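# Architecture at a glance
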Amino acid sequence: MTNVAPKPQRWRPWSQPTRRGMGLALAIPLLILETAWLVLDWVFGLGLEVWAAQGKQDRIDAAALAHIGRVEVLLIAAFVMAALASVFRARWTAIAHLLVALLASGVLVIVQHQWDSSHNPPGCTRYAAHC
């Protein structure tokens, strides 16, 4: 009798789902880290820069645009990480990144609305027939 060695299996990350503990161990810290980054960037990145501008509108506008850019980068990164987690079949990590993407898109909507409401075009500000 000859002993035949089993055929070596190729390891493919998408061939089997990631274990729940491993997915949660990665998802929870990343969710906390990305949410904390959003909050701290809003407070320190935008808030303190607006405070330091002391009413100079050009510096306030530059800080707001920089904040919008950073939130857009986080939104793209969260979607990319969710896609990678889906490829690796890490369900909880993908869900956590989609929650961060949802939160970042909400922040982006709020900041864009603040930007639009503070930068009305000159002329007509009400919706009327003569505008």
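Residues numbered from 1 in each chain as written. Predicted model: local features only at pLDDT ≥ 70, side-chain atom pairs only at ≥ 80, totals over all residues. Heavy atoms only, no water.

## Considerations on helix α2 (residues 57-87)
In an α-helix, one turn spans 3.6 residues; hence positions three or four apart end up facing the same way. For α2, which comprises 31 residues, the first-to-last C-alpha distance of 45 Å matches the rise-based estimate of 45 Å (1.5 Å per residue) to within 8%. Among all positions of α2, only Ile60, Asp61, Ala63, Ala64, His67, Ile68, Val71, Leu74, Leu75, Ala78, Ala82 and Ala85 are buried. Directly beyond the C-terminal end of α2, a positive phi value near 55° is found at Arg89. (Helix = DSSP H or I, 4+ residues; strand = E, 2+ residues; numbered from the N terminus. Expected span 1.5 Å × (residues − 1). Buried < 20%, exposed > 50% of the residue type's maximum accessible area, 1.4 Å probe, protein only.)

## Things to note about the nonpolar core
Grouped together as the largest cluster of nonpolar side chains are 12 residues: Leu38, Ile68, Val71, Leu74, Leu75, Ala78, Val100, Ala101, Ala104, Val107, Leu108 and Val111. Of all the secondary structure elements, the ones that give two or more residues to this core are α2 and α3 (91-118). Look past the residues within four positions of Leu38 in its chain and what remains in contact with it is Val71, Leu74, Leu103, Ala104 and Val107. (Core = buried A, V, L, I, M, F, W, Y, C linked by side-chain atoms within 4.5 Å. Contact = heavy atoms within 4.5 Å.)

## Thoughts on helix α1 (residues 20-53)
Its 34 residues give α1 an end-to-end C-alpha distance of 47 Å, which sits within 8% of 50 Å, the value for a rise of 1.5 Å per residue. Asp41 marks where α1 bends most, by close to 35°. Of the surrounding secondary structure, the elements contacted by the buried residues of α1 are α2 and α3. Directly after α1, the chain includes Gln54, whose backbone phi takes a positive value near 50°. (Bend = angle between axes of the 7 residues up to and from the residue.)

## Side note on the packing of α1 against α2
Between α1 and α2, the shortest axis-to-axis distance is 8 Å and the interhelical angle comes to 170°. Between α1 and α2, the interaxial angle falls into the category roughly antiparallel. Along the contact surface, α1 presents Glu34, Trp37, Leu38, Asp41, Trp42, Gly45, Leu46, Glu49, Val50, Ala52 and Ala53, while α2 presents Arg59, Ile60, Ala63, Ala64, His67, Arg70, Val71 and Leu74. Of the residues belonging to the contact of α1 with α2, the class tally is 12 nonpolar, 2 polar and 5 charged. (Axes fitted to C-alpha atoms, helices over the stretch in contact; angles between N-to-C directions. Parallel < 35°, antiparallel > 145°, perpendicular 65-115°, else oblique. Nonpolar A, V, L, I, M, F, W, Y, C, P; charged D, E, K, R; others polar.)

Note that all results are geometric; they support no functional claim without further evidence.
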